[in-house]
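# Descriptive analysis of the structure
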Amino acid sequence: MRSGGAVLVEAAAGGVAMVSLPFACRGEVVRGFGRGSRQLGVPTANFSDQVVESFPSDIPTGVYYGWASVGNGDVHKMVLSIGWNPFYKNIKKSVETHIIHNFKEDFYGEILSVVIIGYIRSEKNFNSLEALISAIKEDIEVAKRQLGLPEHLKLKDNFFHLLEEKIVNH
């Protein structure tokens, strides 16, 4: 787990990659595979293929944490998955954000803004749905702990400034 500046993360091929964090992006929330809430109990906001394709190549697949805002709303903790979801054998890469907040309704079509500030783990496959759900719950707990640290709370206060400074817009 690392945050801020240039961060070494495990790359998919077993090596390491250098990632420049924080990374910020913004895009419309689109319908995903429909598994987050229904199968996993973890609702996710999905970016369009255009936003996914715009992610820098130095950000490898894996699970990250940071801050998110829907529309011009409040800033919340989030955990974000970038990758192919090997358990489901996806044929296209996705970026799925779980905002650690209970929303009253769906927000498809709204603009989601995220600032990725830290890395949790590489993308991996699981032997069962239960193992996947367990890992996701642990990722959420890691994100909550990390984002509660003073240096990360500072970034929450500067969320919109970071967005304007580092944004990739779609």
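These numbers were taken from a predicted model, which means no experiment stands behind them.

Moving on to the overall build of the chain. From N to C terminus, the chain includes four helices and 10 strands. For the chain, the sequential pattern of α-helices and β-strands runs β-β-β-β-β-α-β-β-β-β-α-α-α-β. Within the chain, buried positions represent 46% of all 170 residues. Residue pairs in contact within the chain that sit at least 24 positions apart in sequence constitute 69% of those at least 6 positions apart.

Once that is clear, we can look at the pattern of salt bridges. The final tally for this structure, using the stated rule, is four salt bridges. Residue E141 is joined to K144 by a salt bridge in which the shortest nitrogen-to-oxygen separation is 3.4 Å. Separated by three residues within a single helix, E141 and K144 lie in helix α2 (residues 129–147), roughly one turn from each other. Relative accessible area serves as the criterion here: at 34%, E141 is assigned to the partly exposed category. With a relative accessible area of 34%, K144 lands in the partly exposed category.

Our next topic: α2. Its 19 residues place the ends of α2 27 Å apart at the C-alpha level, agreeing with the 27 Å of an ideal helix rising 1.5 Å per residue. Packing partners of the buried residues in α2 comprise β6 (62–70), β7 (75–83), β8 (94–99), β9 (111–121) and α3 (150–157).

In terms of burial, β6 is a largely internal element, nine of the nine residues being buried. Inspection of the sheet shows β6 paired to β7 by eight bridges, in the antiparallel sense. The residue bridging Y64 from the neighbouring strand is L80, located in β7. As consecutive antiparallel partners, β6 and β7 are separated by four residues, and within that stretch G71 has a phi angle of approximately 60°, a positive value.

This part covers the confidence of the model for the chain. Mean pLDDT for the chain: 84, with 84% of residues reaching 70 or above. Counting contacts from residues 11–15, a segment whose pLDDT is below 50, to residues more than four positions away or on other chains yields six contacts.

This next bit is on the side chain of R121. Looking at the secondary structure, you find R121 in strand β9. At 2.8 Å, the side chain of R121 and the side chain of D139 are in polar contact.

With that out of the way, let us pick up the packing of aromatic side chains. All told, the structure shown has three aromatic pairs when counted by the stated rule. Residues F23 and F55 carry aromatic rings whose centres are separated by 5.0 Å and whose planes lie at 55° to one another, so their mutual orientation is tilted. Here F23, found in strand β4 (residues 23–30), pairs with F55, found in the loop between α1 (49–54) and β6; they are 32 residues apart in sequence, far enough to count as distant. Residue F23 shares its accessibility class with F55, and that shared class is buried. The lysine or arginine in question, R31, covers the ring of Y108, its NZ or CZ lying 3.9 Å from the ring centre.

Moving on, we get to the nonpolar core. Core analysis: the largest hydrophobic core is formed by 24 residues, its most contacted members being F47, F55, I82, L112, V114 and I116. The set of elements that each furnish at least two residues to this core consists of β3 (16–21), β4, β5 (45–47), α1, β6, β7, β8 and β9. Residue contacts for I116: discarding those within four places in its chain leaves L21, P22, F23, F55, Y64, Y65, G66, M78, L80 and I82. If you look at the next biggest cluster of nonpolar residues, it comprises 23 residues, including L132, A135, I136 and V142.

Basis of the calculations
- Residues numbered from 1 in each chain as written.
- Predicted model: local features only at pLDDT ≥ 70, side-chain atom pairs only at ≥ 80, totals over all residues.
- Heavy atoms only, no water.
- Helix = DSSP H or I, 4+ residues; strand = E, 2+ residues; numbered from the N terminus.
- Buried < 20%, exposed > 50% of the residue type's maximum accessible area, 1.4 Å probe, protein only.
- Contact = heavy atoms within 4.5 Å.
- Salt bridge = Lys/Arg side-chain N within 4 Å of Asp/Glu carboxyl O.
- Expected span 1.5 Å × (residues − 1).
- Pairing = 2+ DSSP bridges.
- pLDDT = per-residue confidence, 0-100.
- Polar contact = N/O pair within 3.5 Å; in protein donor to acceptor, adjacent residues only side chain to side chain.
- Phe/Tyr/Trp six-rings, centres within 6.5 Å; stacked < 30°, edge-to-face > 60°.
- Lys NZ or Arg CZ within 6 Å of the ring centre and 35° of its normal.
- Core = buried A, V, L, I, M, F, W, Y, C linked by side-chain atoms within 4.5 Å.

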